[in-house]
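Each chain, letter by letter, is given below.
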Amino acid sequence: MKPPILTIIMLTVISGTMIVMTTSHWLMVWIGFEMNLLAIIPILMKKYNPRAMEAATKYFLTQATASMLLMMGIIINLLHSGQWTVSKDLNPMASIMMTTALAVKLGLAPFHFWVPEVTQGISLSSGLILLTWQKIAPLSILYQISPTINPNLLLAMAIMSVMIGGWGGLNQTQLRKIMAYSSIAHMGWMTAIMMYSPTMMILNLTIYIIMTLTTFMLLMYNSTTTTLSLSQTWNKTPLITSLILLLMMSLGGLPPLSGFIPKWMIIQKLTKNEMIMMPTLLAMTALLNLYFYMRLTYTTALTMFPSNNCMKMKWRFKCTKKMIFLPPLIVMSTMLLPLTPMLSVLD
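Parameters at a glance
Each chain carries its own residue numbering, running from 1 in the written order of its sequence. pLDDT decides what is reported in this predicted model: residues at 70 or higher carry local features, side-chain atom pairs at 80 or more are listed and counted, and totals for whole chains, interfaces and linings draw on all residues regardless. Side-chain descriptors were evaluated using all non-hydrogen atoms of the structure, hydrogens and water having been removed beforehand. Starting at the N terminus, helices and strands are each numbered in turn, a helix being any DSSP run of H or I of at least four residues and a strand any DSSP run of E of at least two. For this measure, only C-alpha atoms enter the radius of gyration; the expected value for a globule follows 2.2 Å times N^0.38, where N is the number of residues. Burial status follows relative accessibility: with a 1.4 Å probe on protein chains alone, a residue under 20% of its type maximum counts as buried, one over 50% as exposed, and anything between as partly exposed. To form a nonpolar core, buried Ala, Val, Leu, Ile, Met, Phe, Trp, Tyr and Cys residues must be joined to one another through side-chain atoms within 4.5 Å. Note on definitions: a residue-residue contact is assigned when non-hydrogen atoms from the two residues lie within 4.5 Å. Exposure above 30% relative accessible area and no salt bridge define the residues that can form patches, which grow by joining like charges within 9 Å and nonpolar side chains of Val, Leu, Ile, Met, Phe, Trp and Tyr within 5 Å. In this description, accessible areas are obtained by the Shrake-Rupley approach with a 1.4 Å probe, and a residue is regarded as covered only by the protein chains that are shown. Salt-bridge detection follows one rule: a side-chain nitrogen of Lys or Arg within 4 Å of a carboxyl oxygen of Asp or Glu. Counted as positive: Lys and Arg. Counted as negative: Asp and Glu. His and the chain ends are not counted at all. Within this scheme a cavity is a closed region of a 1 Å grid, computed over the protein atoms alone, that accommodates a 1.4 Å probe without allowing it to escape, whereas a pocket is open but has protein on both sides within 12 Å along at least five of seven lines; lining residues each have an atom within 4 Å of a point. Grid points are joined across faces, edges and corners, and a volume is the space filled by probe spheres set on the points. Basically, the charged four are Asp, Glu, Lys and Arg, the nonpolar ten are Ala, Val, Leu, Ile, Met, Phe, Trp, Tyr, Cys and Pro, and anything else, Gly included, counts as polar. UniProt positions are given in the numbering used here, feature names are shortened, and annotations may be inferred rather than shown by experiment. Residues adjacent in sequence count toward polar contacts only when both atoms are side-chain atoms; beyond that, a polar contact is any pair of N or O atoms within 3.5 Å, and within protein one must be able to donate a hydrogen and the other to accept it. A helix is expected to span 1.5 Å for every residue after the first. Working definition: rings of Phe, Tyr and Trp (its six-membered ring) pair if their centres are within 6.5 Å, and the pair is stacked with planes under 30 degrees apart, edge-to-face with planes over 60 apart, and tilted otherwise. Should the NZ of a Lys or the CZ of an Arg lie within 6 Å of a ring centre and within 35 degrees of the ring normal, that charge is described as sitting over the ring.

Re the overall build of the protein
Helices and strands together make up the secondary structure of the protein, namely 17 helices and zero strands. The C-alpha atoms of the protein give a radius of gyration of 20 Å, which matches the 20 Å a tight globule of 347 residues would have. The dimensions of the protein, computed from C-alpha atoms along their principal axes, are 75 × 50 × 35 Å. Taking all 347 residues of the protein together, 53% fall into the buried category.

Description of the nonpolar core
Within the largest apolar cluster, 99 residues are counted, with the highest numbers of intra-cluster contacts made by W26, F33, Y59, V118, L139, I261 and M278. Ranked by residue count, the leading element in this core is helix α10 (residues 198-222), at 14 residues. Sequence-distant contacts of V118, that is, excluding residues within four places in its chain, are made with L44, A55, K58, Y59 and L130.

Thoughts on a nonpolar patch on the surface
A cluster of nonpolar side chains, I14, M18 and M21, forms an exposed patch at the surface whose accessible area comes to about 230 Å². Secondary-structure assignment places M21 in helix α1 (residues 3-22). Since its relative accessible area comes to 36%, M21 is described here as partly exposed.

Things to note about the pattern of salt bridges
All told, the structure shown has three salt bridges when counted by the stated rule. Put simply, E117 and K177 hold a salt bridge, and the shortest N to O gap is 3.8 Å. Of this pair, E117 sits in helix α5 (residues 114-121) while K177 sits in helix α9 (residues 175-194); the two residues are 60 residues apart in sequence, bridging distant segments of the chain. For E117, a relative accessible area of 33% corresponds to the partly exposed category. For K177, a relative accessible area of 18% translates into the label buried. Several salt bridges share partner residues, and in doing so they unite E54, K58, E117 and K177 into one network.

Considering the side chain of K105
Within the secondary structure, K105 is located in helix α4 (residues 92-106). Buried within the structure, K105 lacks any salt-bridge partner; its nearest side chain of opposite charge belongs to E34, at an N-O separation of 5.2 Å.

Concerning empty space enclosed by the protein
Counted according to the given criterion, the structure contains four cavities of 30 Å³ or more. Size it by volume and the largest cavity reaches roughly 90 Å³. F33, N36, L37, Y59, Q63, K105, Q134, A137 and P138 together form the lining of the largest cavity. The set of elements that each furnish at least two residues to the lining of the largest cavity consists of α2 (26-44), α3 (50-81) and α7 (133-145). Classifying every residue of the lining of the largest cavity by side-chain character gives five nonpolar, three polar and one charged. Roughly 50 Å³ of internal volume is contained in the second largest cavity.

Quick notes on the UniProt feature "domain: NADH:quinone oxidoreductase/Mrp antiporter transmembrane" (unreviewed entry) in the protein
Residues given the UniProt feature "domain: NADH:quinone oxidoreductase/Mrp antiporter transmembrane" (unreviewed entry) here are residues 24-286. End C-alpha atoms of residues 24-286 are separated by 36 Å, and the span's content is 78% helix alongside 0% strand.

Brief notes about the side chain of T285
Summarising the element assignment, T285 is placed in helix α15 (residues 277-301). Assessed through its relative accessible area of 8%, T285 is described here as buried. Side-chain polar atoms of T285 contact the backbone oxygen of L282, separated by 3.1 Å. What T285 contacts, discounting residues up to four positions off in sequence, is V162 and M163.

With respect to unusual backbone geometry
Note the cis peptide between A109 and P110, where omega equals 5°. With respect to the element layout, P110 can be found in the loop between α4 and α5. Note the cis peptide between P255 and P256, where omega equals 5°. In this fold, P256 is placed in the loop between α13 (238-252) and α14 (260-272).

Let's talk about helix α8 (residues 151-169)
For α8, which comprises 19 residues, the first-to-last C-alpha distance of 27 Å matches the rise-based estimate of 27 Å (1.5 Å per residue) to within 8%. Within the sequence span of α8, burial applies to L154, L155, M157, A158, S161, V162, G165, G166, G168 and G169. On its buried face, α8 sits against α4, α9 and α15. Measuring from the backbone nitrogen of N152 back to the side-chain oxygen at the start of α8 gives 3.1 Å, which picks out N150 as the cap.

A short note on the packing of aromatic side chains
Under the criterion given, the structure shown has three aromatic pairs. Ring centres of F260 and W264 lie 5.6 Å apart, and the angle between their planes is 15°; on these two criteria the pair is classed as stacked. Separated by four residues within a single helix, F260 and W264 lie in helix α14, roughly one turn from each other. Relative accessible area serves as the criterion here: at 23%, F260 is assigned to the partly exposed category. By relative accessible area, W264 is classed as partly exposed at 38%. A cation sits over an aromatic face here: K263 above W189, 5.0 Å from the ring centre.

Now the structure itself:
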């Protein structure tokens, strides 16, 4: 894709999300979502092939259905209240429809089926945008309507998402699918805390975006999309191999890494709200995610690739990709734990 065209499309995607985040009018929210959707399609099909086309079609159909549901909720709310303001309390029926629409847009279970399929069909750079930037707009609306959301609906979707995000990734060898299931699980954690502390959800989203961004940039740097090709990186870039190990641990939520902060604070907040089963379930299903991250670290950093001696060295081409943000991102996605006391004041 030519740079001027890519710039215009990216600006449309960004402005669509910004409109959703800043407006207080329901119609503008819907228009922002539509702008974002129509501009992201060419980005998904940047490397044109049948898989990318199929993925973009699946994405378009699911997001268009979600937009239709959202509009239906907005109209029901309008008929009941006679106004378009986002901050006004919603009608219960409209609230359920809007929550469902935003869950489809986010890929929360049981509306998660499109996420792994779409992520697998597109390039790594498009997958990065899909799993980070595209989550901001729906979560910002959920944040604004969180006081009027049906808590049972949201918590049921949260538990299902964390469980499916764990179970689904267990049998995968494709890194993009693993990242997609990881995304579903993280979205589950965010929606679990939404009812009790929306600010905590924003903290979780920020740390999730930093970690996912770093992971995708490392995969793009190595040009790896499968566990098999990742297992050969110890020979070519040993430092990056050890960084992937750290990053996977952080994504799994192990202390003393950054990924532990949101899990710790969410479990603490839920326990303070006298919920015992919910954080227990979340913590237990997080172990499933940890298992497939550990499997990745095992194949990458802890084993030597089984091949003939003459094949041990992978031919070293000089990497021409400029990844200037990688060092600060790696630091942020592994070493933020000392900031926890400051972050806990936000709530």
